[in-house]
Each structure stands twice: as structure tokens, then as C-alpha cells.
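Chain and residue survey
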Amino acid sequence: MSSLCHHSAVLLLLVFMALAVGAEQLKERSCDVIGDESSESQMERALLKKLEPLSQIRFNLTVEKGKTENYIYQFRVCREVNSTLHDFGGLVQTDRQNGKTTVIGRINETQVFNGSDWIMLIYKGGDSYGRHCSGEKRRAVIMISCKRGVTASSFSIISEEREKEQDCFYLFEMDSNVACPAEDSRLSVGSILLIIFTSLIAVYIIGGFLYQRLVVGAKGMEQFPHFAFWQDLGNLVADGCDFICRSKPRNAPAAYRGVGDDQLGEESEERDDHLLPM
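The protein has the name Cation-dependent mannose-6-phosphate receptor in an unreviewed UniProt entry, where Tricholaema leucomelas is given as its organism.

Attention now goes to the packing of aromatic side chains. Enumeration over the complete set of coordinates arrives at nine aromatic pairs. Taking the centre distance of 5.5 Å and the plane angle of 5° together, the rings of F155 and F172 count as stacked. Of this pair, F155 sits in strand 7 (residues 153-161) while F172 sits in strand 8 (residues 169-176), placing them 17 residues apart in sequence. Taken individually, F155 and F172 each receive the classification buried, so the pair is uniform in this respect. Following the ring pairs from residue to residue traces out a cluster consisting of F59, Y71, Y73, F75, Y123, F155 and F172.

The phi angle at C78 is positive, at roughly 60°, despite the residue not being glycine. Along the chain, the position of C78 falls in the loop between strand 2 (69-76) and strand 3 (89-95). The backbone of D167 sits at a positive phi, close to 60°, despite the residue not being glycine. Tracing the sequence through the fold places D167 in the loop between strand 7 and strand 8.

In this structure the tally under the stated criterion is three disulfides. Ordinal numbering of bonded cysteines along the protein defines a disulfide pattern of 1-2, 3-5, 4-6.

Take the environment of V63 next. Inspection of the secondary structure assignment puts V63 in strand 1 (residues 58-65). Apart from the residues lying within four places of it in its own chain, the contact partners of V63 are E69, N70, Y71, Y73 and I157.

Moving on to the environment of Q97. Looking at the element boundaries, Q97 is found in the loop between strand 3 and strand 4 (101-114). Distance in space between the C-alpha atoms of Q97 and N70 is 6.9 Å, their sequence separation being 27 residues.

With that settled, the discussion passes to the pattern of salt bridges. Applying the stated rule across the entire model yields seven salt bridges. In this structure, the salt-bridge partner of E28 is R79, at a minimum N-O distance of 3.8 Å. Here R79 lies in the loop between strand 2 and strand 3 and E28 lies in the loop between helix 1 (2-26) and helix 2 (42-50), a separation of 51 residues in the sequence. Note that R162 and E160 form a salt bridge whose closest N and O atoms lie 4.0 Å from each other. One continuous salt-bridge network, built from bridges that share partners, spans E28, E52, R76 and R79.

Rules of the game
- Residues numbered from 1 in each chain as written.
- Predicted model: local features only at pLDDT ≥ 70, side-chain atom pairs only at ≥ 80, totals over all residues.
- Heavy atoms only, no water.
- Phe/Tyr/Trp six-rings, centres within 6.5 Å; stacked < 30°, edge-to-face > 60°.
- Helix = DSSP H or I, 4+ residues; strand = E, 2+ residues; numbered from the N terminus.
- Buried < 20%, exposed > 50% of the residue type's maximum accessible area, 1.4 Å probe, protein only.
- Disulfide = S-S within 2.5 Å.
- Contact = heavy atoms within 4.5 Å.
- Salt bridge = Lys/Arg side-chain N within 4 Å of Asp/Glu carboxyl O.

Laid out in C-alpha cells, this is it:
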């Protein structure tokens, strides 16, 4: 009986170990900033977290230049292009003519920094150059520019700098909204004052209307709070506007004069002159 229990325990332990190994293999590796983990800055951690929405997207780019250069570039943000190889390759170049694969940059040697509307992601530790750049390791530089409303687009290669003695690199670019700064939703002082002023006016009108109607018992236009005051104020404003904005002198004669009694009187006297005796 004890032997059976011992075999069962061993079998159960093996099953747990197999499940743990499988879970570890399924878990994808992510970017590791160059240096010790304790030396990573808060800014670098924040940027890596900001790039996390792009980690599930695979980018493929085909570049053909004549008959000598025909490549496919595969890129992932902070993930391995081929996790089964366990080579940390974050950006990989494949020659379509002979099928040779070259790791341009690895995610375990990452640098990241940003500006106001861009994020620069750098993968170092790629496969070594042959005859170029003193045989140093390749490096991929990916410029992620702000474009609102777009998760990721326009992945392209700008250039490959390999004619120098050292510090050679591949330069790529893409657009994404993760590089955009947070929109400032704070209200200005003027907006706050306008909101307060509008609210006070609304409270005054509604509260005054209810008071006049329910307490005073006013009807019609009298329900408007301080109706007589506002009516007099409106008349004064109208008179002031008429006085200031009038375009002709106040004592100028009218353009048309109607027939008055005084004119009729004068005219009648003139008509009676010929009736006087000679």
C-alpha cells in the first residue's frame, strides 16, 4: 500500500513539473532594459508599459532593391518574433533568396526614451556584421511617432547605416497613438468663470420665477424676477443707444412735413386777399 502511494506521489510531482515547464514556455519574454533591474528608471518602466498595447501585433515588411537585396523584416514590440527559438530576436531579417535569417536586434538588450510626441525603441545585441562596421553587433532603432486614432501603422525602414567603423544601425519608423501625449482636459480660468456665471444666472431666473409664481402669486410677465427693474433698465439702455447712435442732429427738420393747421390758416388768408374791395 505504501509503495502505491509513493508511486502516485512521484507521478503527481512529474505532472506538476511538466505543467510548470509548459506554462513557462507559453509565457512570452518581454523587453529587458540594458543594465540591472534596479537601475531601470521610472521613465523607462512607464514607457515599456505604454508600449504594451502593441506587443500582440506582428509587423512584416518586404524590401526589394534590384536583384541583390530582397528581404523580409519581422518586428514585434517587446516580444520575440519566434518564441520557439528562444533567441530574444525582436527584429529579424530574412533573405528571400537563400532563406538566411539574421537577428537585427534583441529584446533583452533594450533601450527606450521619448520626446513630446515620439518614442524611440532600440534593440541592441543583434548578429554580428561580417565585413562591415568592424564586425560589431547589429542594432535596430525604431522611431514611433504620434498619430492619434491609430493603434499602429506605416511600419517602414528608413535606412541602414553600415558604412561607418562603428555604431552602425538600422532605422525604422512607424505611427501609433501610444506615442501621443495625454490630452489636457483641464478647464481654463475663463471657462470656469463662464460656467459659474451661467449657473448663477440660471439659479436666479429659475428660483425667481418659482418665488414669483408660488409665493407672490404673479401671473404672466410679472413672474419674471424683478420684472419692473429689468424693464426700466431695458428702456434706459434703449434711450442711451438711441442718443449715442443717432446719425442726424436732434433739432434737424423732418424730411417730410405734413399739412398742418398753421399752413391751412396762412393759405386761407392768401386766398381771401383778392376778395377785399379795391
